[in-house]
Amino acid sequence: NDDLEVLRPDRAQLDAVNAAAAAMLSSIPWKEQPDLPTWLNKALDRFWPHLSAALVLKIRDKADSEIRNHLPDWIEGHVKIDRLSFGTIGPRILRVHVDDTFPEAAGLRIAVDVEVEGGIDVSA
């Protein structure tokens, strides 16, 4: 379809976008952002219900498919995930460590410490 061609950027456009994003990211003083976990947690709190729902759908689809593929024929259709929830409280980001001293990678290495206290519930 010719209309879809408009939506596909060529390699030069992608390279330009990647270069611009890398320049923007490298200009941010990452190590001078002690409140980054606080900001990220506020965003995560706001989006957790939507993110959790999307994760549940994706995991349920994948798990149901894997269950069907690995069960014997005589039990097929009798096992499924009844309930899957990641709870109402999202994970907490405790610390973000950014290391931008990797010239061979021309990028950033980011380590994130996460704590999960939500009530994850799975039953089949």
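Remember, it's a predicted structure, so these values are computed and weren't measured experimentally.

**Things to note about the overall build of the protein chain**
Then comes step 1: Per the secondary structure count, the protein chain includes 3 helices and 4 strands.
Then comes step 2: N-terminal to C-terminal, the α/β element order of the protein chain is α-α-α-β-β-β-β.
Then comes step 3: In the protein chain, of all internal contacts separated by at least 6 residues, the share reaching a separation of at least 24 is 60%.
Then comes step 4: Accessible surface for the protein chain amounts to roughly 9900 Å². Of this, 58% is attributable to carbon and sulfur atoms.

**Describing the confidence of the model for the protein chain**
Then comes step 1: Residue-level pLDDT values for the protein chain average 77, and 77% of them are 70 or greater.
Then comes step 2: Within the protein chain, helix α1 (residues 2-5) has the poorest average pLDDT of any element, 45, and helix α3 (residues 36-70) the best, 86.

**Focus: the pattern of salt bridges**
Then comes step 1: A complete count under the given rule lists 3 salt bridges for this structure.
Then comes step 2: Its salt-bridge partner being R92, residue D45 comes within 2.6 Å of it at the nearest N-O pair. Of this pair, D45 sits in helix α3 while R92 sits in strand β2 (residues 92-102); the two residues are 47 residues apart in sequence, bridging distant segments of the chain.
Then comes step 3: Residue classification places D45 among the partly exposed residues on the basis of a relative accessible area of 43%.

**A few points about the environment of T38**
Then comes step 1: Following the sequence through the fold, T38 ends up in helix α3.
Then comes step 2: A sequence separation of 56 residues divides T38 from L94, and the C-alpha atoms of the two residues are 8.5 Å apart.

**Regarding the side chain of N41**
Then comes step 1: For N41, the location among the structural elements is in helix α3.
Then comes step 2: When neighbours within four sequence positions are excluded, N41 is seen to be in contact with P91, R92 and I93.

**Notes on a nonpolar patch on the surface**
Then comes step 1: A cluster of nonpolar side chains, contributed by L108, I110, V112, V114, V116, I120 and V122, occupies part of the molecular surface with about 600 Å² of accessible area.
Then comes step 2: At 4 residues, strand β3 (residues 107-115) tops the list of elements feeding residues into the nonpolar patch.
Then comes step 3: Locating V114 in the fold gives a position in strand β3.

**Points about the nonpolar core**
Then comes step 1: L44, W48, V56, I81, L84 and F86 together form the largest nonpolar core, which totals 6 residues.
Then comes step 2: The leading source of residues in this core is α3, at 3 residues.

**Quick look at α3**
Then comes step 1: With 35 residues, α3 should reach 51 Å at 1.5 Å per residue; the first-to-last C-alpha distance of 43 Å falls well below that figure.
Then comes step 2: Maximum bend of α3: about 60°, positioned at F47, with proline P49 one to four residues after it.

**A word on the environment of G87**
Then comes step 1: Among the structural elements, G87 can be located in the loop between β1 (83-85) and β2.
Then comes step 2: Assessed through its relative accessible area of 15%, G87 is described here as buried.
Then comes step 3: Residues G87 and D121, 34 residues apart in the sequence, show an inter-C-alpha distance of 7.3 Å.
Then comes step 4: Ignoring sequence-local partners within four residues, the contact set of G87 consists of W48, S52 and G119.

Calculation notes
- Residues numbered from 1 in each chain as written.
- Predicted model: local features only at pLDDT ≥ 70, side-chain atom pairs only at ≥ 80, totals over all residues.
- Heavy atoms only, no water.
- Helix = DSSP H or I, 4+ residues; strand = E, 2+ residues; numbered from the N terminus.
- Contact = heavy atoms within 4.5 Å.
- Areas by Shrake-Rupley, 256 points an atom, 1.4 Å probe, with all protein chains shown as cover.
- pLDDT = per-residue confidence, 0-100.
- Salt bridge = Lys/Arg side-chain N within 4 Å of Asp/Glu carboxyl O.
- Buried < 20%, exposed > 50% of the residue type's maximum accessible area, 1.4 Å probe, protein only.
- Patch = residues over 30% accessible without salt bridge, like charges linked within 9 Å, V, L, I, M, F, W, Y side chains within 5 Å.
- Core = buried A, V, L, I, M, F, W, Y, C linked by side-chain atoms within 4.5 Å.
- Expected span 1.5 Å × (residues − 1).
- Bend = angle between axes of the 7 residues up to and from the residue.

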